[in-house]
Amino acid sequence: MTVLRVDELSVSAGGQSLVRDVSFQIGAGERVGLIGESGSGKTLTASSVLGLLPDGLHATGSVRLGEQELLGASERTLSRLRGMEISMVFQEPMTALNPSMRVGSQVAEPMLLHGTRPDRRAARSAAVELFDSVRLPDPEGTARAYPHQLSGGQRQRVLLAIALANDPALLICDEPTTALDVTVQAQILALILAATRERDTALLFITHDLAVVASVCERVLVMLDGEIIESGGTREVLSSPRHEYTGKLLAASDLEAR
Amino acid sequence: MTTSAVLMALARRAAILLASVLVASVVIFLFMTVIPGDPAQVALGVNATPELLARTRHEFGLDRPLISQYLDWVGGVFSGDFGTSYVTREPIGPQLVDRLGVTVWLVGTGMLVALAMAIPLGTLAAVRHRKPSGAAISGFAQLGIAVPAFLAGMLLVQLFAVRLGWLPSGGWTPPNQDAGAFLRGLVLPALSLGLVQGAVLTRYVRTSVLDTLGQDYLRTARSKGLRPYQALFRHGLRNAALPVITVLGLQLATLLIGAVVVERVFVLPGLGSMLLDSVASRDLLAVQGIVLVLVVGVLLVNFVVDLLYTVLDPRLRGS
Ligand SMILES: Nc1ncnc2c1ncn2[C@@H]1O[C@H](COP(=O)(O)OP(=O)(O)O)[C@@H](O)[C@H]1O
Ligand SMILES: [Mg+2]
């Protein structure tokens, strides 16, 4: 079953074309990597799926979640799907949480918003359970903490808990470990892998790190200058890249070393 | 954070406030002593004999060392006694309290007008910054900034008091005497003081909200399924309030100066008109007391702003 189907997605700003004719599909529980150097259009592709492109940018083509067309859908429709059917974890955990709200409330919010928990208390205890499942120490105490009291890795766990709160069909992670140091990176990756496997969540995993793709994703899409230039099973693409650019990315990463 | 830590922080700020008040009182006292003019001469007129002058100086306590004059004054002030006017020979304190009441009403309602205008307009201007309506609000605010409070006051009087006759053009009715007349009399002064400040504040609110709209956590809020305005209200406004509160504290000082002028325009018996009268009649001790009250007012506002900051921003509370 196809969870997400993107057809000929293009994004432009004014007359400038930033993403061109991007097409791909993700099946239920499938984990797909989107790789490419910085500025190749990965984040814009993901933002188009969520309907959260920056002001002044415009998307054409088709993005379908199950049977539902998302491009051009009303704000009302989109806001019902966001945080419920599709969730996203962003690159920068240090700034992605509201600094003046306790993190427990920030995790409880999407559950209350979409009515997946009957009341505040139920949502709160669900938040504490989520904190436990993303391996945050002292889940009860952490729920009462403010973001500045947590480390970058802990904040990314909180953001993952927010994204997983309503068991979405599709999780998008945009370079979720880039801002973290290496040991924490591995823990967060393991967590994302375990969480999506457990829930059978489809995953679109954005990164510029090939080693990460190799350890997480079944399929991979390679992006360059706003276009997908190569795609296929992770092992095939990484062992015998057809495109010169993929070969370069491969040479630049220390894949062998891991 | 524990309660005792909160109390400690509070005590520290209160100590700083007290120290600032003391320093301010010394500066004001010294300033009044060095500016030319002999209160005894002022009280008696130019034809007074040297003997009479000396006696009056002794009566006012002006022949004593400065330090004991200062301690007398400050000691009195802390117990509510601001001394006896050299000019009217009446106690300054009770009049000061009466006048302060009027000014607090004026500045308070002026501030409310400014906030009631700036928060919605500034937010709207930020949310619609790419649309004509947003630009129109910004332009309107820009225009408002250029209008001085006294001009706004005179225009308002011209329209609502003279042309339409809806509201009194000036004068003061105490609230406990006739609440309706009190409120009607307050409308135009509060508007002339508040609208201009509101225009200034609108721009700060716009900048702050615009900045907040670009924050990552607002994108997170949207990705949870919050609609744009929901995301702004639940996650943005509290954070956007912080820089605005700082400006608000500074603006209160401007409002006090504006109040001096507006009290003149509307013939209100406030601290501002008392200050102008006292300066005109060279009533130095009264001027000294009024200035101290104004400075303490500004310091108190800063104290409250500091506290508000800690309430709104958990990062300042320490862990
Ligand atoms: N708001 C925007 N306005 C104009 N251009 C943008 C905007 N956001 C991104 N871009 C441009 O689009 C291209 C792709 O950006 P992005 O998707 O963020 O790249 P990636 O995530 O792969 O690093 C970049 O060249 C970037 O400069
Ligand atoms: Mg990116």
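You'll find the structure just up there.
Please read all numbers here as calculations on a predicted model, not as lab measurements. (Residues numbered from 1 in each chain as written. Chains lettered and ligands numbered in written order. Predicted model: local features only at pLDDT ≥ 70, side-chain atom pairs only at ≥ 80, totals over all residues. Heavy atoms only, no water.)

(A) Up close: the packing of aromatic side chains. All names here are of chain B. Within this structure, the stated rule accounts for seven aromatic pairs over all chains. Between Trp-105 and Phe-182 the ring centres are 4.8 Å apart and the planes differ by 75°, which places this aromatic pair in the edge-to-face class. With a gap of 77 residues between them, Trp-105 in helix 5 (residues 92-127) and Phe-182 in helix 8 (residues 179-213) connect regions that are remote in the sequence. Clustering of aromatic rings is evident, with ring pairs tying together Phe-29, Tyr-70 and Trp-73. (Phe/Tyr/Trp six-rings, centres within 6.5 Å; stacked < 30°, edge-to-face > 60°. Helix = DSSP H or I, 4+ residues; strand = E, 2+ residues; numbered from the N terminus.)

(B) Layout of the site of ligand 1. Residues and elements named next belong to chain A. Taken together, Leu-18, Glu-37, Ser-38, Gly-39, Ser-40, Gly-41, Lys-42, Thr-43, Leu-44, Pro-54 and Leu-57 form the complete shell of residues around ligand 1. Between Thr-43 and ligand 1, the recorded distance is 2.7 Å, taken from a side-chain N or O atom to an oxygen atom. Within the contact set of ligand 1, an oxygen atom lies 2.9 Å away from a backbone nitrogen or oxygen of Leu-44. Taking 560 Å² as the accessible area of ligand 1 by itself, protein coverage stands at 63%. For the shell around ligand 1, the element with the most residues is helix 1 (residues 42-50), which contributes three residues. A per-class count over the shell around ligand 1 returns four nonpolar, five polar and two charged. (Near = heavy atom within 4 Å. Polar contact = N/O pair within 3.5 Å; in protein donor to acceptor, adjacent residues only side chain to side chain. Areas by Shrake-Rupley, 256 points an atom, 1.4 Å probe, with all protein chains shown as cover. Nonpolar A, V, L, I, M, F, W, Y, C, P; charged D, E, K, R; others polar.)

(C) Quick look at the pairing of strand 9 (residues 219-224) of chain A. Residue and element names in this part refer to chain A. Counting buried positions along strand 9 gives five out of six residues, so the element sits mostly inside the fold. Both strand 9 and strand 10 (residues 227-233) contribute to a ladder of six bridges, which runs antiparallel. Following the sheet pairing, Leu-224 is matched in strand 10 by Glu-227. In textbook terms, the turn of a hairpin is the stretch between consecutive antiparallel strands, and for strand 9 and strand 10 this stretch comprises two residues, one of which, Asp-225, has a positive phi near 50°. (Buried < 20%, exposed > 50% of the residue type's maximum accessible area, 1.4 Å probe, protein only. Pairing = 2+ DSSP bridges.)

(D) Molecular detail of the nonpolar core. The biggest cluster of nonpolar side chains holds 52 residues, and the ones touching the most others in it are Val-107, Val-158 and Phe-205 of chain A. Excluding anything up to four places from it in sequence, Val-107 of chain A contacts Ala-127, Leu-130, Phe-131, Val-158, Ala-161, Ile-162 and Ala-165 of chain A. By size, the runner-up hydrophobic cluster in this structure holds 35 residues, among which are Val-107, Met-111, Ala-118 and Ile-245 of chain B. (Core = buried A, V, L, I, M, F, W, Y, C linked by side-chain atoms within 4.5 Å. Contact = heavy atoms within 4.5 Å.)

(E) Spotlight on the packing of helix 11 (residues 271-280) of chain B against helix 12 (residues 284-312) of chain B. All names here are of chain B. Following both chains from N to C, one finds helix 11 and helix 12 inclined at 150°, their axes separated by 9 Å at the closest point. Of the possible angle classes, the one that applies to helix 11 and helix 12 is roughly antiparallel. Handedness of the helix 11/helix 12 crossing: left-handed. Contacts between helix 11 and helix 12 involve Leu-271, Met-274, Leu-275, Ser-278 and Val-279 from the former and Ala-286, Val-287, Ile-290, Val-291, Val-293 and Leu-294 from the latter. (Axes fitted to C-alpha atoms, helices over the stretch in contact; angles between N-to-C directions. Parallel < 35°, antiparallel > 145°, perpendicular 65-115°, else oblique. Left-handed = near helix turned anticlockwise from the far one by under 90°.)

(F) A look at the layout of surface pockets. Each pocket or cavity is described by its volume, and for the largest pocket that value is around 1200 Å³. Lining the largest pocket are 34 residues, with Leu-52, Leu-53, Pro-54 and Asp-55 of chain A together with Arg-222 of chain B sitting closest to its centre. At the level of secondary structure, the elements contributing two or more residues to the lining of the largest pocket comprise helix 1, strand 4 (57-65) and helix 2 (75-81) of chain A together with helix 9 (216-223) and helix 10 (228-265) of chain B. Of the voids in this model, the second largest pocket is the one considered here, and its volume is about 790 Å³. Elements that contribute at least two residues to the lining of the second largest pocket include exactly helix 1 (3-34), helix 4 (66-78), helix 5, helix 10 and helix 12 of chain B. By residue number, the principal contributor to the lining of the second largest pocket is helix 12 of chain B, which donates 11 residues. For the lining of the second largest pocket, a count of residues per class yields 31 nonpolar, five polar and no charged. Counting contributing residues, the lining of the second largest pocket receives three or more from each of domain 1 (3-78) and domain 2 (100-310) of chain B. (1 Å grid on protein atoms, 1.4 Å probe; cavity = no way out; pocket = protein on both sides within 12 Å on 5 of 7 lines; lining within 4 Å. Points joined across faces, edges and corners; volume = space filled by probe spheres on them. Domains from an automatic or database assignment.)

Bear in mind that shape data such as this cannot, by itself, settle questions of function.
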